[in-house]
Amino acid sequence: MEEFEASASAKKTKTIYISTVFGIAMVLLMIGLLGLILVHANNLSRYVKENIVLNIFMDDSAHETDVLQLQKQLDANVMVKQTQYVSKELAARNLQKDLGEDFVKFLGYNPLSQSLDIYLKADYANNAGIEKFKAELLKNKLVKEVKYQQSLVDQMNQNLTSISLIILAFAGIFVILSVALINNTIRLAIYSQRFLIKSMQLVGATKGFIRKPFLLYGIWHGLLGALIAIVILVGTLYLANQQIPDLVILQNYTEFGVVFLGVIALGIFISAFSTFLAVNKFLRLKIYDLYR
């Protein structure tokens, strides 16, 4: 009879621990998904900013060699991500495609100017940075005009800032709720061991000796839960890439690694800390309080 009761108790404990691990895994999965959303949102913001084009139109008297020399100087500028030289002939071909007509043949000459298309780095892709850059460019005698969509840049930066603040606020709230859920899950698991904790205390075991195995289990459960969450996250990323191939341009595997390490660290820390608090609670209880 004693062996049967011991076996039943062991099975019950095992079931509780399994449910605890999966409970932690599901919460960490949500945190991981939110982390991946933040990474993709940040990369999308950078991608959009770095695809804003500044069209630098050259003076009609400028020689191609001088324009190419200016291009090399701009490539070395800390604000510039990349440049593209557009000759008069290439500009004419591009415009012919847009219009669907050969305007050069109609006019008898090519009225377009050679130009440089400039793509700035994301940190400088705002109206203040662009206007400063534009003022510097206009000091060059080769430059006739600098054009970009000012209203679009302003609206884009405002929208991206608002979206980022909303996502960060949501992330903060979600992390707090996740910590509370994991803490409650672990407290319920430790609750089933309250009599064992008090029995060890009554026979003279120190608090540190009692806490140690529970903390080790807590760390192990947090690690297992994090690994399960990461496996599901990797599967989610794979399916997302299959359905939306263009997501590849927004993905950075170094950032994904940081998110996964964060999930592991968070899982271990929250699980160990919650276990520590739960065990301490039952160590402080009186024997008659265990039945309440």
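The notes below deal with the structure included here. This one's a predicted model, so the numbers in the text were calculated from it and none came from an experiment.

Concerning the overall build of the chain
- Each helix and strand counted, the chain has nine helices and four strands in total.
- When its helices and strands are written in sequence order, the chain yields α-β-α-β-α-α-β-α-β-α-α-α-α.
- Each of the 292 residues in the chain was classed as buried or not, and the buried ones make up 37%.
- A sequence separation of at least 24 residues applies to 81% of the contacts in the chain between residues at least 6 apart.
- For the chain, the exposed surface amounts to about 18000 Å²; the carbon and sulfur share of it is 63%.

Considering the pattern of salt bridges
- With the rule as written, the count across this model stands at four salt bridges.
- The salt bridge partner of arginine 46 is glutamate 50, with a shortest N-O separation of 3.7 Å.
- With a closest N to O distance of 3.6 Å, lysine 147 and glutamate 145 form a salt bridge.
- The class of lysine 147 is partly exposed, set by a relative accessible area of 43%.
- Glutamate 145 gets classed as partly exposed once you look at its relative accessible area, which sits at 33%.
- Put simply, Arg46, Glu50 and Lys81 are held in one network by salt bridges that share partners.

Re a positive patch on the surface
- A grouping of Arg187, Lys207, Lys281 and Arg284 is seen on the molecular surface, where their side chains present a positively charged patch.
- Mapping arginine 284 onto the fold places it in helix H9 (residues 253-284).
- Residue class for arginine 284 comes out exposed when judged on its relative accessible area of 58%.

Points about the pairing of strand E3 (residues 115-120)
- A large share of E3 lies buried, amounting to six of its six residues.
- Here E3 shows a buried face lined by Ser115, Asp117 and Tyr119 and a second buried face lined by Leu116, Ile118 and Leu120.
- The sheet contact formed by strand E1 (residues 53-58) and E3 spans five bridges and is antiparallel. By the bridge assignment for E3, phenylalanine 57 is matched with serine 115.

Definitions and cut-offs
- Residues numbered from 1 in each chain as written.
- Predicted model: local features only at pLDDT ≥ 70, side-chain atom pairs only at ≥ 80, totals over all residues.
- Heavy atoms only, no water.
- Helix = DSSP H or I, 4+ residues; strand = E, 2+ residues; numbered from the N terminus.
- Buried < 20%, exposed > 50% of the residue type's maximum accessible area, 1.4 Å probe, protein only.
- Contact = heavy atoms within 4.5 Å.
- Areas by Shrake-Rupley, 256 points an atom, 1.4 Å probe, with all protein chains shown as cover.
- Salt bridge = Lys/Arg side-chain N within 4 Å of Asp/Glu carboxyl O.
- Patch = residues over 30% accessible without salt bridge, like charges linked within 9 Å, V, L, I, M, F, W, Y side chains within 5 Å.
- Lys, Arg positive; Asp, Glu negative; His and termini not counted.
- Charge placed at Lys NZ, Arg CZ, Asp CG, Glu CD.
- Pairing = 2+ DSSP bridges.

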